[in-house]
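Structural features, examined
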Amino acid sequence: MIKILEVIIQKIKGDSSYKFEKKIAFSAILNILYLRFFQLLKGVIYKLTPCNFKGLTFIGRKVKIDFKGSVSSGKNLILNDNVYINGLSIKGIRFGENCTVGRDAVLQSTGVIKNIGEGINIGSNTAIGARNFLSGQGGIKIGRDVIMGPDIRIFSENHNFLSNDVIIKNQGESRKGVEIGNNCWIGANSTILDGVKIGDNTVIAAGSVVTKSFPKGVVIGGLPAKIIKNLGDYSE
């Protein structure tokens, strides 16, 4: 029975290497599949309304999507409980295939209507962690196969504040955007600020505050983050 379930999931995910953990009880597997079934059922009902979600879509409890016409995905999108997505932006919010968004995560691209944001683009096989906050006003691009721990914050906009004669909220914003490469691991409680570009195959240690860009193949960490280890050369 487990083998049959593995084959089914391998077909759905397009991953022939997918296997259940041998130590997990069969009853636990059934419980997980039971929860996923009802998420899938909600996804089917959701897709009866106009939307841009392809393939299977799994939607948890209390998921809210505003401006859903600007939100799109490839096959097998999982939105866990209490996720909030606001698609209002120039380029919208786009998910690749086999993406997961952890519970209580927030993805939004516009803070004020008078200055609509750029949007968020998330590559295939990437997992957004629980309670992550992605603010895509200046544009956020996340690559393929990225792992994101819980409580991560990404900001792609800064407030201007240099004038003493004008209150800060009326001085406007600067936007450079954030880019994260493929095959990166972002540790829990990390913060990534506007203008940062992270190369492929990079690890960001938990609790880091990333204020500048880094090349591929490194481990970074600290406040502010700096290179603490070189992982060697990686081919493109």
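Described in the following lines is the structure provided in the data block. All values derive from a computational prediction rather than experimental measurement. (Residues numbered from 1 in each chain as written. Predicted model: local features only at pLDDT ≥ 70, side-chain atom pairs only at ≥ 80, totals over all residues. Heavy atoms only, no water.)

This model, assessed by the stated rule, comprises 7 salt bridges. A salt bridge links Lys64 to Asp66; its shortest N-O distance comes to 3.2 Å. Under the relative-accessibility criterion, Lys64 is labelled partly exposed at 46%. The closest approach of N and O atoms between Lys91 and Glu118, which form a salt bridge, is 3.9 Å. (Salt bridge = Lys/Arg side-chain N within 4 Å of Asp/Glu carboxyl O. Buried < 20%, exposed > 50% of the residue type's maximum accessible area, 1.4 Å probe, protein only.)

Let's shift gears to the nonpolar core. Membership of the largest hydrophobic core comes to 38 residues, with the highest contact counts inside it found for Phe95, Leu107, Ile142 and Ile154. In this view, Ile142 contacts Asn121, Ile122, Gly123, Thr126, Ile128, Leu134, Met148, Ile154 and Ile180; residues no more than four positions away in its chain are not counted. (Core = buried A, V, L, I, M, F, W, Y, C linked by side-chain atoms within 4.5 Å. Contact = heavy atoms within 4.5 Å.)

On the secondary structure map, Thr126 appears in the loop between β10 (120–122) and β11 (127–128). Engagement of the side chain of Thr126 in a polar contact is seen with the backbone nitrogen of Val146, the distance being 3.1 Å. Every residue in contact with Thr126, bar those within four places of it in the chain, is listed here: Asn98, Cys99, Thr100, Ile142, Gly143, Arg144, Asp145 and Val146. (Helix = DSSP H or I, 4+ residues; strand = E, 2+ residues; numbered from the N terminus. Polar contact = N/O pair within 3.5 Å; in protein donor to acceptor, adjacent residues only side chain to side chain.)

With that settled, the discussion passes to the side chain of Asp81. Secondary-structure assignment places Asp81 in the loop between β5 (77–79) and β6 (84–86). Judged by relative accessible area, which is 12%, Asp81 ranks as buried. Beyond its immediate stretch of four places on either side in the chain, Asp81 contacts Gln39, Gly60, Arg61, Arg103 and Asp104.

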